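Observations on chain architecture
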Amino acid sequence: QAQVVESGGGLVQPGGSLRLSCAGSQSILSIFNMDWYRQVPGRQREFVAGYMGDGVYTYADVVKGRFTISVNAENNSFDLQMNDLKPEDSATYYCLLGRDWGQGTQVSVSS
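Description of the structure in this document. (Residues numbered from 1 in each chain as written. Predicted model: local features only at pLDDT ≥ 70, side-chain atom pairs only at ≥ 80, totals over all residues. Heavy atoms only, no water.)

**Side note on the packing of aromatic side chains**
Using the criterion set out here, one finds four aromatic pairs in the structure. Seen in terms of ring centroids, tryptophan 36 and phenylalanine 78 are 6.2 Å apart; in terms of plane orientation they differ by 20°. Their pairing is stacked. You can see tryptophan 36 sitting in strand β4 (residues 34-39) and its partner phenylalanine 78 sitting in strand β8 (residues 77-82), a full 42 residues away along the chain. This pair shows no difference in class: tryptophan 36 is buried, exactly as phenylalanine 78 is. Three or more aromatic residues link up through ring pairs in this structure, and these residues are Tyr37, Phe47 and Trp101. (Phe/Tyr/Trp six-rings, centres within 6.5 Å; stacked < 30°, edge-to-face > 60°. Helix = DSSP H or I, 4+ residues; strand = E, 2+ residues; numbered from the N terminus. Buried < 20%, exposed > 50% of the residue type's maximum accessible area, 1.4 Å probe, protein only.)

**Some details on the environment of valine 62**
Relative to the assigned elements, valine 62 resides in the loop between β6 (56-59) and β7 (67-72). Valine 62 sits in the partly exposed class, given a relative accessible area of 47%. Along the sequence, valine 62 and valine 48 sit 14 residues apart, while their C-alpha atoms lie 8.2 Å from each other. Every residue in contact with valine 62, bar those within four places of it in the chain, is listed here: Arg38 and Glu46. (Contact = heavy atoms within 4.5 Å.)

**Some words on the pairing of strand β9 (residues 91-97)**
Note on strand geometry: in a regular strand, side chains alternate between the two faces of the sheet. Buried residues dominate β9, accounting for seven of its seven residues. In terms of strand pairing, β4 meets β9 through six bridges, oriented antiparallel. Residue arginine 38 lies in a different strand from β9, and its bridge partner there is tyrosine 93. Of the strand pairs in this sheet, β9 and strand β10 (residues 100-101) are connected by two bridges, and their pairing is antiparallel. Bridge pairing links leucine 96 to tryptophan 101 in β10. Counted along the chain from β9 to the antiparallel partner β10, the turn is two residues long, and its residue glycine 98 has a positive phi close to 65°. (Pairing = 2+ DSSP bridges.)

In structure tokens form, the structure reads like this:
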């Protein structure tokens, strides 16, 4: 019954890159609020980046300059490009499309 699915997680070395994708059951272009969050055990779910509509993008300070979000109309996906990954970025990453959450995709950054 999941309407939102994340993909692209995996294991990378520090300094490496990953691209996460998020797809839902409706057109991405019809959703005006799209966000990425992440969570590690014992901690609260943390905002990472989001598209607020009207061409407004926002990033958490801890990822600014390293992470980039984009809307891919051809793939009907909401993507998170993560560069210069650090061990502190290790978490389960969740996509929020409108009011709908995905199940998450795991990212592990380790040497």
